[in-house]
Amino acid sequence: MNDDPHGGWPGQDPDPARRPQRPAGPPRRPAGPPPGYGQRPGPGPQGQAPWQRQGPSQQQPPPPRRPQRPPVAPQHEPDLITHHEHNGTADRGYDEPYDDEQYGLETDENGKPILTPAQRKKRRWRRIRRVLLALFCLFVVIPAIAFVITYFAVDVPSPQSVAATQGQAVTYYYADNTEMGKDVPKGGNRHILTPEQIPDIVKKAVIATEDASFETNSGFDIGGILRAVYNQVTAGKGGGSTISQQYIKVASGDDESSLARKWTELAKSFKMNQTYEKKDIISAYLNIIYFGRGAYGIESAAQSFFGKPAGELNASEAALLAGLIQQPGRSENPKVANERWTVALNRMVQNGFLSAADRANLQFPTPIPQTDKEQAGVVNPFIRDKVKDELAANGITADVYYRGGYKVYTTIDPKAQAAAEQAVADGMKGQTDENLLNALVAIDPKTGGVKAYYGGPSIVKGPNGQDQKGRDWANTPQNPGSSMKPFDLTAYMQLGKGGINSTFDGSNNRQFGKQTIRNAGPGSTCSQQCTVSEAMQRSANTVFYDMVVNVTKPGPVAQAAKDAGVKPAPDGTSELFADNNIALGGGKTVITPEDMAAAYATFAGDGQRRDKHFIVKVTNSQDEAAYSAPEEAKPAFADDSDKSKQIAGNVTESLKGVIPFSKLKCPNNHECAGKTGTQQHTYRQGEPASAKDANSQTWMVGYTPSISAAVWVGGDGDKALKGKNGKSIFGSTIAGPIWQKFLSLYLNGKPGERFDKVKIIGGDDSNTVPSTQTPPDDDEGSTETGTPSTGPSTGSSSSRNEEDPPSSSKNPPSSSENNEEGGNGGPPGRGGRGDTE
């Protein structure tokens, strides 16, 4: 026993009796730090280490000393034997090297260890490996597991069961909820073709156009998906769906734009490719896809477009149908159809399905004319087409139109529709000119809903006597003639330049620079101090041309028409060309009857514009709401509703006198207002002399507080039209009586109504309105004997933008130049004939 009271570890009890002695035995490796590492001299004799302080019988030579490591900062103090390392629980022995990243490193001023380049590289790669592993799990392992689960959870319906659910009829209802009829799809009785019944050229055309990797992909194309993502990010065009995915989307009827729907679609597409052969998949796809013209499936499309079974389609016809799959709603647009046909043929060549030589010899396959025999007597095809356009603009597109079992509740009033058809039939009795066409549209000013829509016969005879679909003349733009003048007045008052009591020189043959403007005849000529209100009644061209050219300018007139409700392209089909011709409704300015009815409805509706519409609501097969028309109204002619109402009311005041001046009558107990319009025919060499005074387009547009109606009677292009007894027609001779008859029939039995009174806007701030002028004494209701005239426009070097010289011998032309370019019901170089209504 060591008697040194300071022997052993510091703090060790010197009393040997109080601590059991370790039995003698072979020496063991000390539990403390390695010899020499952080060693301090102990208090034992001659600086012995503590383990050397033993009794004489236990003295052993010290074990070989390990080479000492140079001290590094920070120095480690020898651990006490009370630490867990020395109690047999150490995680490592002293033979294990220290981690250089944890021990023995110098630190910077922030206390962070200073690493060597090798240590930094090691640490960086360790982090990269961990990130890559996490990404691999996130984007590969987890999706793979989820895909497998989804694969076994979904079912792929058979092509036969899918085809049976397609092509449900759409039921139409009138505004009173009585059934109008059903729109039955032409493919409703479609034949499901087997793979052997579909020509290979058809399959190849569709594969090349829609999914070039169809034969090799497993239901989805990673490259296509990446291209679709790229196009989404860069605002490019093109999707990444395969034919299998498109089939699943059409078969399920689920086109929701969500990741969940797309994920399920991928799993179903993959499962379908594991379940069916490629020939079965492409055949199933071709049996249900929509091609346009109401045709679902290749057999129905072949019959609708080419009048033949699918088995007889050739390469050119197959290419057109394949190309139309992406844009079926524009199948009747010749430019679009030709572009899609070209794309399909080019891709067929790229994929080796067609040789370049054969492709060069192919001609565009002109589809057969459309007919509506299946629709005749069921739903008016023009109303149906307008409804479908409105549905497509609100999410129910043509490819799903027949799949929802929809019920469409329209704004069409059965009484108004019947009145429109009867008024047109009565007005056309006794007319012998086969070139006379007509249209009538009526709109409720309080809602914007279309109450009646007649665009002409739905079935007409083609050039070879065959039945073909008629043209919707209610949606065909024409020169409005003098029915444009209310928009001249609107722009004039919007600019604060004056009002209906302002005066202009209304005399005939006025000179505007090099342009000579004439009134239509004695009845339309006014004094040199002619009020705007009287000029509107007489339809004095010189007043309104002066107003637009010298005061208002053409641009605000076009804007006033748009404010009222005229929709020019691309939103609509009308055109508002802001040159001087717009003052008299001629030149390139053309407006559809439905737009005219909508614009005048804004005047009737106290200056509040409500968008015209055909649909009240739509429900699906479960009677769930699929669409409801918004009910919105906003002031049209000013930001302030009262100011807009005042402007509209002043236009109405100026139009009230037109009715009696044109020898027309308002319905009993109802106030009404309106304006006629006439467009002169351009006389051509070789035509009979009677064509010199003929007109090509005529209008009557007017309203009461509860209904606005536009009637157009004219020709297909610039044709010399004649009424009864071979006389020229005017706005007040055929269109006017049709308008009057319609209002009389529709408003019969309804309570009387009058327009709200407004403060008159006039040059002298007077609140008086000129009295109605005496109508001209004429057996046709008009004394028009001439046409306004101007010379060539100074604003265009390529065409005449002002009215052409008159052709009447009573008013010799101021120029021998006549523009014979036709289009949209009249030559762009012509202005509106001044009317004497």
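About the criteria used
- Residues numbered from 1 in each chain as written.
- Predicted model: local features only at pLDDT ≥ 70, side-chain atom pairs only at ≥ 80, totals over all residues.
- Heavy atoms only, no water.
- Helix = DSSP H or I, 4+ residues; strand = E, 2+ residues; numbered from the N terminus.
- Buried < 20%, exposed > 50% of the residue type's maximum accessible area, 1.4 Å probe, protein only.
- Contact = heavy atoms within 4.5 Å.
- Areas by Shrake-Rupley, 256 points an atom, 1.4 Å probe, with all protein chains shown as cover.
- Axes fitted to C-alpha atoms, helices over the stretch in contact; angles between N-to-C directions.
- Parallel < 35°, antiparallel > 145°, perpendicular 65-115°, else oblique.
- Core = buried A, V, L, I, M, F, W, Y, C linked by side-chain atoms within 4.5 Å.
- Disulfide = S-S within 2.5 Å.
- Pairing = 2+ DSSP bridges.

Chemist: Could you give an account of the overall build of the chain, naming the residues involved and the relevant values?
Modeler: The secondary structure content of the chain amounts to 21 helices and 21 strands. Sorting the 837 residues of the chain into buried and exposed places 50% on the buried side. Nonlocal contacts in the chain, meaning residues at least 24 apart in sequence, comprise 72% of its contacts between residues at least 6 apart. By element, 51% of the accessible surface of the chain is carried by carbon and sulfur atoms, the whole surface being about 39800 Å².

Chemist: Any chance you could break down the packing of helix H3 (residues 200-210) against helix H10 (residues 334-350) for me, citing the residues and the numbers?
Modeler: Running from N to C, H3 and H10 point in directions that differ by 95°, and their axes come no closer than 8 Å. As judged from the angle between their axes, H3 and H10 are roughly perpendicular. Contacts from Ile201, Lys204, Ala205, Ala208 and Thr209 of H3 reach H10 at Arg340, Ala344, Arg347 and Met348.

Chemist: I'd like to hear about the nonpolar core, residue by residue, with values.
Modeler: Within the largest apolar cluster, 87 residues are counted, with the highest numbers of intra-cluster contacts made by Tyr453 and Phe487. It is helix H18 (residues 593-604) that contributes the most residues to this core, 8 residues altogether. In terms of nonpolar packing, the next biggest core, distinct from the first, is built from 44 residues, Val202, Ala251, Ile282 and Trp341 among them.

Chemist: Got a sec to walk through the state of the cysteines? Specific residues and values, please.
Modeler: Within the structure shown, the criterion is met by 2 disulfides. What pairs with Cys526 in a disulfide is Cys530, and their sulfur atoms sit 2.1 Å apart. The S-S bond linking Cys526 to Cys530 shows a torsion near 90°; that makes this disulfide right-handed. Each member of the pair Cys526 and Cys530 is classed as buried. For the chain, the disulfide bridges join cysteines in the arrangement 1-2, 3-4, where the cysteines are counted in sequence order.

Chemist: Would you mind going over the pairing of strand E18 (residues 673-680) in detail, with residue names and values included?
Modeler: Where burial is concerned, most of E18 is hidden: 8 out of the 8 residues are buried. Side-chain alternation along E18 places Ala673, Lys675, Gly677 and Gln679 on one buried face and Gly674, Thr676, Thr678 and Gln680 on a second face that is also buried. Across 8 bridges, E18 lies against strand E19 (residues 695-704) in antiparallel orientation. When the bridges of E19 are listed, Gln679 appears paired with Gln697.

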